[in-house]
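Tertiary structure, described
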Amino acid sequence: MGKNFINVRRFVIMILMAVVIAVTGCHKDTDTPIEKLVGDKRMDEVVILFENDVHGAIDGYPIFAGYRDAVADTFKYVVTVSCGDCISGNLTALYQGQSVIDIMKSVGYDYLVPGNHDFDFSMDTFLNLLDETQVQPLCCNFNDRATGKPLFKEYEVKDYGGIKVGYVGITYPYMETVVSTSTLIDENGNYIYDFGGGNVAGMIQNAVDAARAEGAQTVVLLSHIGNDLLPEVISKTSGIDVVLDAHKHTTEPGAYIKDKDGSDVLWTSTGTQMENIGRVSITRDGKVQSSLIATGSVSQKSGTVGNVVDRYNQDIERRTKEVIGHSDAYLTENDTNGKYIARLEECPIGNFCADAFRAVTGAQIGIVNAGGMRTEIKAGDITYASLLAVFPFLNEVCMIKVSGQSLKNALEMSYAHIDDFGGFYQISGMKVLIDSTATEGNRVKSVKVDVAGNGTFVDIADNEKYTIGGSSYVLLEGGNGIIFENADRLPLDDYLTDDQLLLHYVTKTLAGHIPESAGKVDGRISFVE
């Protein structure tokens, strides 16, 4: 009986071996994964791959997806995350976000946190595009003011074969200072949404506690708040293990900040424009590590995603490759030492853009917010693409009339933050003197306006009215939280977006030629010594 049993067992083992050998022999033809039959041999670990602040750098997506696919060959659980500011920027603005959404669909994302620039084409546009992505948006501080209810899931807990990970989403809590006010208000001027403001730490804590209560062993904060606010927020919370951060374009492979209990919280950020792929690993015993992989070092590319990107790149090239002028000047955003200064002081690209708003609209003054200019113009041939790269958000051009007092109030708000504030104004037809050491509200010491347009500057008068050309974002929509009080909108002959304004300025006003003198500053913005 014992011998018969042994013989039967050997026979069964031989049959099973034959099945495995047969499957192995046909694997290449049938593409049937052997691990389904003999066991998944990949590493039992959760790997989160993320990007942030891509701003339309679509050529990085095939690399991102290719790297993800390669990682999935080695690890069982691979998660793909976007930490926001993905649909707006660069030449993809031609498609009002649709191009990036199509590409992200081909990548296949698990989670997304909205960033402030994801609302550039209006809130309705963003929400409609988001429906197409088939990605799970997470955000614990994006609420309907009327109902108090969140627009998206605040958190989600996923079980990866017994490794339970909680994901909590958070976006910028002071959204009204960085997006168009019109995006956030109803027809009566009332704010529709609540992003938490100073209460954001409590909103995060509630979501973290809920995730822990559902069994999350590790909590990942998907953040679009920036590393300037992050330490303060984390210091008021507990239970977070790692933060994938965005908004400030910081490149950080991995550093630690303390939570309110004194525990270390790992945080990391990839920079911007898909320069790096962020990678966070979570082991079964709860160990968390982070690193950045330079996209230039990745050899893998997804052909599927690449095909979608190629289709859009070909269309973009067709639209934008024509040379429309020449510049003898280098219109830089830096000082002579190469330091970025567009949000700190006068610079050539700022003067050029402000001059364009003034000239094309016919206003006495031109204003552009430094955060709206996304690159510079180099000497040489100019194409539509080079102009669109400066103004990639396609803001509508407008002209307003305001009192001198209203203008001065707006300038005080603009120059209250000489510290990398996107609302720092570059100007034309006006000269300002700023004391950056004075208290907020008292920093603008002198304002002079070229009222007649002949180069003669006179002191601004509080009760006089002045015309200003700029984007609707800046002048009418409360961009960067700055309001031009009691502004009257004036009609323009043609509807233009800001990229089209630059095209008009170069091809018609300047007759296709930017002179060398445009590369120098002329003292429009000065500071008390």
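Fair warning: this is a prediction, and the values are worked out from it, not measured in the lab.

Remarks on the environment of Y61
Within the element layout of this structure, Y61 appears in helix α3 (residues 61-72). Sequence separation of Y61 and S302 is 241 residues, and the distance between their C-alpha atoms is 8.4 Å. Apart from residues lying up to four places away in sequence, Y61 is in contact with E51, V54, C86, V100, I103, M104, V107, Y109, M274 and V305.

Description of the pairing of strand β19 (residues 425-428)
Every second residue of β19 is oriented toward a common face, with Y425 and I427 on one face and Q426 and S428 on the other, all of them buried. Two strands pair when backbone bridges link them, and strand β16 (residues 365-369) and β19 are joined in this way by 4 bridges, in the antiparallel orientation. In the strand pairing of β19, V368 is matched with Q426.

What to know about the sheet that holds strand β21 (residues 444-449)
A sheet is described by the order of its strands in space; here 4 strands give the open sequence β22-β21-β20-β26, paired in mixed fashion. Both outer strands of the open sheet, β22 (458-459) and β26 (525-527), are each paired with one neighbouring strand and no more. This element, helix α12 (residues 404-414), spans β20 (430-434) and β21 of the sheet and lies at about 130 degrees to β21.

What about helix α7 (residues 200-213)?
Look at α7: 20 Å from first C-alpha to last across 14 residues, which is about the 20 Å you get at 1.5 Å a residue. By the burial criterion, the buried members of α7 are V200, A201, M203, I204, Q205, A207, V208 and A211. Following α7 by one or two positions, G215 has its phi on the positive side, about 105 degrees.

A look at the sheet that holds strand β1 (residues 43-51)
Read from one edge to the other, the open sheet built from 6 strands follows the order β4-β3-β2-β1-β13-β14, with strand pairing classed as mixed. The strands lining the two open edges of the sheet, one partner per strand, are β4 (136-137) and β14 (288-294). Pairing of β1 with strand β2 (residues 75-82) involves 7 bridges; the strand directions are parallel. Considered in β2, the bridge of V47 is made with V78.

Thoughts on the state of the cysteines
Going through the model one piece at a time under the given rule, you end up with 0 disulfides. Summary of cysteine pairing: C140 is not part of a disulfide, and the nearest cysteine sulfur, belonging to C139, is at 6.2 Å. Judged by its relative accessible area of 1%, C140 is buried. Here C398 is not disulfide-linked; the sulfur of C353 is the nearest cysteine sulfur, at 16 Å.

Comments concerning unusual backbone geometry
One non-glycine residue, S122, adopts positive backbone phi at about 95 degrees. Following the sequence through the fold, S122 ends up in the loop between β3 (111-112) and α5 (123-133). Of the residues examined, S122 reaches a relative accessible area of 27% and is grouped as partly exposed. In this structure, A511 takes a positive phi of about 55 degrees despite not being glycine. Locating A511 in the fold gives a position in the loop between α14 (498-509) and β25 (513-514).

Conventions and cut-offs
Residues numbered from 1 in each chain as written. Predicted model: local features only at pLDDT ≥ 70, side-chain atom pairs only at ≥ 80, totals over all residues. Heavy atoms only, no water. Helix = DSSP H or I, 4+ residues; strand = E, 2+ residues; numbered from the N terminus. Contact = heavy atoms within 4.5 Å. Buried < 20%, exposed > 50% of the residue type's maximum accessible area, 1.4 Å probe, protein only. Pairing = 2+ DSSP bridges. Axes fitted to C-alpha atoms, helices over the stretch in contact; angles between N-to-C directions. Expected span 1.5 Å × (residues − 1). Disulfide = S-S within 2.5 Å.

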